[in-house]
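Here are the chains, one letter per residue:
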Amino acid sequence: MERTLILYCNNKIDQTVSISGFVQTRRDHGKIVFLDVSDRSGVIQVVITGEIAGDLKHQDVVTIEGKVSKRPEKLINSNLPTGSIELQGEKIEILSKAAELPFDMGTKELDLQLPTLLDFRSLTLRHPKVKAIFKVQDKILEGFRKITEELDCTEIVVPEISASATEGGAEVFKFDYYGHQAFLTQSPQLYKQMLVPVMERVSTIAHAYRAEPSVTTYHLSVATQMDCEFGFVQFEELLDLLELVGTNIVKYVEEHCQKELEEFGAEKTAFGKIPRLTLREAQEIIFKEFGRDHRSEKDLDRQDEIDICNWAKEKHKSDFVTITHFPTKKRAFYTLPDPKNPELSLSYDLLYKGLEILSGSQRINEYNQLVEAIKERGMDPKDFEMYLQAFKYGMPPEGGFSFGLERLTMKILNLLNIREASLFPRDMERVDIRLSQKAHDIKPVKKPN
Ligand code: AMO
C-alpha cells in the first residue's frame, strides 16, 4: 500500500492508510497501547492492541496500516496539527529495531548535560526540541539566500583549502598537502573578493576553520559563515546593506518559525532604527552609563557587547547595534584604513542581543597598498599570488561582510551555548566524540531482540 504522510491523514478520515515513521512514545493502558509515531510531516497517535504492539519501543522504525478515525471531542489535542484524529493500527511491519536507548527521549525537554547531548549527537538530534533548532537554522539560511538574491548577488561555492592564511593570525589549521604546506580557510574572504570583478555582487555560505585556542560558549573550531561582497560600494552603503540583510534574515525567521520561537521562550526582536556608533563612541557610552573605562581598548569585551546592546534596546528600541571604526591594526590586512585617520579603519561589527554576529569592512582595492598591508603584517605577498592577481588587473571600490550562522541561531533561539546550534560541533575537545575518549573502545550496543 502506498505511504501516506502523517499530516495528510487529516484528509483521510474513515479511510485505510499506511504510514511509516518512528515510534516516539508508548503508553500501555491494559490491553490497549497508544503510540506516538512521527515522520517528516508530523506526529500521530496510533491506537493498537497489545498483541499487535509486541515489544515496540522508542525509535523503532515502523510501517503501520490502519483506519484513520476522528477522536472523541473531549480527547482532541488542539496543540497538534493531527490532534483531532488517530490511527486505529491493524498491521505493523518493523523496518528497523532500535537498541535500548541510553536515556529517556520521550520527554518534552531533553534533560541532558551538554557533553552527553553531544556524545550521542546522531540520536539526540532526533528529539523534537533539538531538531527544531535546525529547522530554524534552515530558515536562517533560506532568509539569507532570499535577501541576497533580491540584492542581485550571485551565490558562489569557494574552496576550503588555501595557499595562505585567509585572516592572518595564529588561529589557522595548517596541514600537509602532497608534501606542501596548505591551510584550511579561516573564511571565504579571499575567494569572495576575487569574484567581485567577475560577478560584482556575490554571496556564499562556507565553513570557517579556526584553531581557537580557548573554550568559550560562543566560539567553534568550525563555524559556518554567510558572506556577501559588493563591488562599486562605499562605506555608508555597506552599513545600509549589512543592516538590511541582518534584519531581513531575522524577520524571515520570526515570520516562519513562530512555534519554535515560542517553544524556546525567545523574545521577539526589537526592530527600531539601528544605532551606528564608532568604537570610541560605544566606549564613551559604556564609561558614562556603566562606569567601566574601556576608552583606550582596541575592541569591545563580552560585557561591553552585552551592555551596549541593552543600551540600544532601551534608548533606540533596537536589538541590533552597528559598531564602526575599529583600530586598523586589530583588523585583517585587507581592511581599508580610514583616509581621514588611518589609525582607524572602515570596518564594522553588527551586534545582536548582546553578541557580535557579523564583521566586515570596506576593503583595500588598490594593488600596491594591499601588497604593503600584507608585508606590514609580516606575511609574504608571494603566498597571496592568486588573490593579488584580482587586484592587479582592476578591482573596483568594494566591501562586504560575514554573519556567523551558529551565533545567529544561538541568539535567535536564546540558547546558552553555541554548540547547541551546530549539528556536529568541533572545538578543542571534540571531533564528533570527545577527543579524550577516542582511545577508548566503543562499547558494543546491546543487541536488539
Ligand atoms: P570574523 O572573523 O569576524 O570576520 O568572522 C565573521 C563572523 O563569523 C562568526 N565567527 C565565528 N562563530 C563561531 N565560532 C568562531 N570561531 C567564529 N569566528 C567567526 C562571527 C563573526 O562575526 N572575513 C571576515 C568577514 C568580512 O570581513 O567579510 C571574517 O571572517 O559571527
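Note that the structure is a prediction, hence the values are computed from the model and not measured.

Rules used in this analysis
- Residues numbered from 1 in each chain as written.
- Predicted model: local features only at pLDDT ≥ 70, side-chain atom pairs only at ≥ 80, totals over all residues.
- Heavy atoms only, no water.
- Domains from an automatic or database assignment.
- Salt bridge = Lys/Arg side-chain N within 4 Å of Asp/Glu carboxyl O.
- Helix = DSSP H or I, 4+ residues; strand = E, 2+ residues; numbered from the N terminus.
- Buried < 20%, exposed > 50% of the residue type's maximum accessible area, 1.4 Å probe, protein only.
- Near = heavy atom within 4 Å.
- Polar contact = N/O pair within 3.5 Å; in protein donor to acceptor, adjacent residues only side chain to side chain.
- Areas by Shrake-Rupley, 256 points an atom, 1.4 Å probe, with all protein chains shown as cover.
- Disulfide = S-S within 2.5 Å.
- Phe/Tyr/Trp six-rings, centres within 6.5 Å; stacked < 30°, edge-to-face > 60°.
- Lys NZ or Arg CZ within 6 Å of the ring centre and 35° of its normal.
- Expected span 1.5 Å × (residues − 1).
- Arc of directions from axis to C-beta.
- Contact = heavy atoms within 4.5 Å.
- Patch = residues over 30% accessible without salt bridge, like charges linked within 9 Å, V, L, I, M, F, W, Y side chains within 5 Å.
- Lys, Arg positive; Asp, Glu negative; His and termini not counted.
- Charge placed at Lys NZ, Arg CZ, Asp CG, Glu CD.
- Pairing = 2+ DSSP bridges.
- Axes fitted to C-alpha atoms, helices over the stretch in contact; angles between N-to-C directions.
- Parallel < 35°, antiparallel > 145°, perpendicular 65-115°, else oblique.
- Left-handed = near helix turned anticlockwise from the far one by under 90°.
- Nonpolar A, V, L, I, M, F, W, Y, C, P; charged D, E, K, R; others polar.

**A closer look at the domain arrangement of the chain**
Step number 1: Domain assignment breaks the chain into domain 1 (6-96) and domain 2 (126-422).
Step number 2: For domain 1 and domain 2, the distance between their C-alpha centres works out to 46 Å.

**With respect to the pattern of salt bridges**
Step number 1: Under the criterion given, the structure shown has 30 salt bridges.
Step number 2: In this structure, Lys91 engages Glu65 in a salt bridge whose closest nitrogen and oxygen atoms are separated by 3.8 Å. Placement of Lys91 in strand 5 (residues 85-96) and of Glu65 in strand 4 (residues 61-70) is noted, with a sequence separation of 26 residues between them.
Step number 3: Taking the relative accessible area as the measure of exposure, Lys91 reaches 52% and is therefore exposed.
Step number 4: By relative accessible area, Glu65 is classed as partly exposed at 24%.
Step number 5: Salt bridges sharing common partners tie together Lys192, Asp227, Glu229 and Arg363.

**So, the site of the ligand**
Step number 1: Close to the ligand lie 24 residues; Glu167, Gln189, Lys192, Glu356 and Arg363 are nearest.
Step number 2: Contact distances for the ligand include 2.8 Å between a nitrogen atom and a side-chain N or O atom of Glu167.
Step number 3: Side-chain polar atom of Ser187 to a nitrogen atom of the ligand: 3.4 Å apart, as the coordinates give it.
Step number 4: If the ligand stood free it would expose 620 Å²; the protein chains cover 93% of that surface.
Step number 5: The element contributing the most residues to the shell around the ligand is strand 17 (residues 355-362), with 5 residues.

**Side note on the state of the cysteines**
Step number 1: All chains considered together, the criterion is met by 0 disulfides.
Step number 2: Here Cys153 is not cross-linked by a disulfide; its sulfur's nearest cysteine counterpart is in Cys228, at 4.7 Å.
Step number 3: Classification of Cys153 by relative accessible area gives buried; the value is 10%.

**Examining the packing of aromatic side chains**
Step number 1: In the structure shown here, the tally under the stated rule is 13 aromatic pairs.
Step number 2: Pairing Phe230 with Phe401 gives two aromatic rings, centres 5.8 Å apart and planes at 40 degrees, and the pair type is tilted. With a gap of 171 residues between them, Phe230 in strand 11 (residues 222-231) and Phe401 in strand 18 (residues 398-404) connect regions that are remote in the sequence. The residues Phe230 and Phe401 share a single accessibility class, namely buried.
Step number 3: Ring pairing ties together the aromatic residues Phe333, Tyr334, Phe384, Tyr387 and Phe391, which thus form one cluster.
Step number 4: Lying across the ring of Phe271, Lys251 places its NZ or CZ 4.9 Å from the centre.

**Regarding helix 9 (residues 279-290)**
Counting along an α-helix, one turn takes 3.6 residues, and residues three or four places apart therefore face a common direction.
Step number 1: Helix length check: helix 9, at 12 residues, gives a terminal C-alpha distance of 16 Å against a target of 16 Å (1.5 Å per residue), a fit within 8%.
Step number 2: All of the buried residues along helix 9 are Leu279, Ala282, Gln283, Ile285 and Ile286. Seen along its axis, helix 9 keeps its buried residues to an arc of 155 degrees; they face one direction.
Step number 3: In this structure, the buried residues of helix 9 make contact with strand 12 (276-278), helix 10 (302-316) and strand 13 (320-324).

**Quick word on a positive patch on the surface**
Step number 1: Side chains of Arg280, Lys298, Lys329 and Lys330 sit close together on the surface and give a patch of like positive charge.
Step number 2: Tracing the chain through its elements places Lys329 in the loop between strand 13 and strand 14 (337-338).
Step number 3: According to the relative accessible area criterion, Lys329 is exposed, its value standing at 76%.

**Let's talk about the sheet that holds strand 1 (residues 16-29)**
Step number 1: Pairing within the closed barrel is mixed, and its 5 strands lie in the order 1-2-3-5-4. Within the sheet, the average angular offset between the axes of one strand and its neighbour, ignoring direction, is 55 degrees.
Step number 2: As paired strands, strand 3 (residues 42-49) and strand 5 are joined by 2 bridges and run parallel to one another. When the bridges of strand 5 are listed, Val47 appears paired with Gln88.

**A look at the pairing of strand 9 (residues 180-184)**
Step number 1: Pairing of strand 7 (residues 161-162) with strand 9, which is carried by 2 bridges, proceeds in the antiparallel orientation. Note that in strand 9 the partner of Ile161 across the bridge is Leu184.
Step number 2: Examined bridge by bridge, strand 8 (residues 174-177) and strand 9 share 4 bridges and lie antiparallel to one another. Bridging from a neighbouring strand, Lys174 pairs with Phe183 of strand 9.
Step number 3: Between the antiparallel neighbours strand 8 and strand 9 lie 2 residues, among them Tyr178 with a positive phi of about 50 degrees.

**Regarding the side chain of Arg430**
Step number 1: Within the secondary structure, Arg430 sits in strand 20 (residues 430-431).
Step number 2: Among the polar contacts listed, one links the side chain of Arg430 to the side chain of Asp119, at a separation of 2.9 Å.
Step number 3: Of note is the side chain of Arg430, whose polar atom sits 3.1 Å from the backbone oxygen of Asp432.
Step number 4: Beyond its immediate sequence surroundings of up to four residues, Arg430 is in contact with Pro115, Leu118, Asp119, Pro425 and Leu435.

**Quick notes on the packing of helix 4 (residues 128-150) against helix 13 (residues 405-412)**
Step number 1: Across the interface, helix 4 lies against helix 13 with an axial gap of 10 Å and an inter-helix angle of 120 degrees. Relative to helix 13, helix 4 is oriented oblique. As for the relative orientation of helix 4 and helix 13, their crossing is right-handed in sense. Within the contact between the two elements, helix 4 uses Ile133, Val136, Gln137, Ile140 and Leu141 and helix 13 uses Leu405, Glu406, Leu408, Thr409 and Ile412.
Step number 2: Of the residues contributing to the contact of helix 4 with helix 13, the split by class is 7 nonpolar, 2 polar and 1 charged.

**Overview of the pairing of strand 13**
Step number 1: Counting buried positions along strand 13 yields 5 of 5 residues, so the element is predominantly enclosed.
Step number 2: Of the two faces of strand 13, the one lined by Phe320, Thr322 and Thr324 and the one lined by Val321 and Ile323 are each fully buried.
Step number 3: In this structure, strand 12 lies alongside strand 13, joined through 3 bridges in parallel fashion. Note that in strand 13 the partner of Leu277 across the bridge is Ile323.
Step number 4: Sheet topology note: the strand 13/strand 16 (residues 347-352) ladder contains 5 bridges and is antiparallel. Of the residues in strand 16, the one forming a bridge with Val321 is Leu351.

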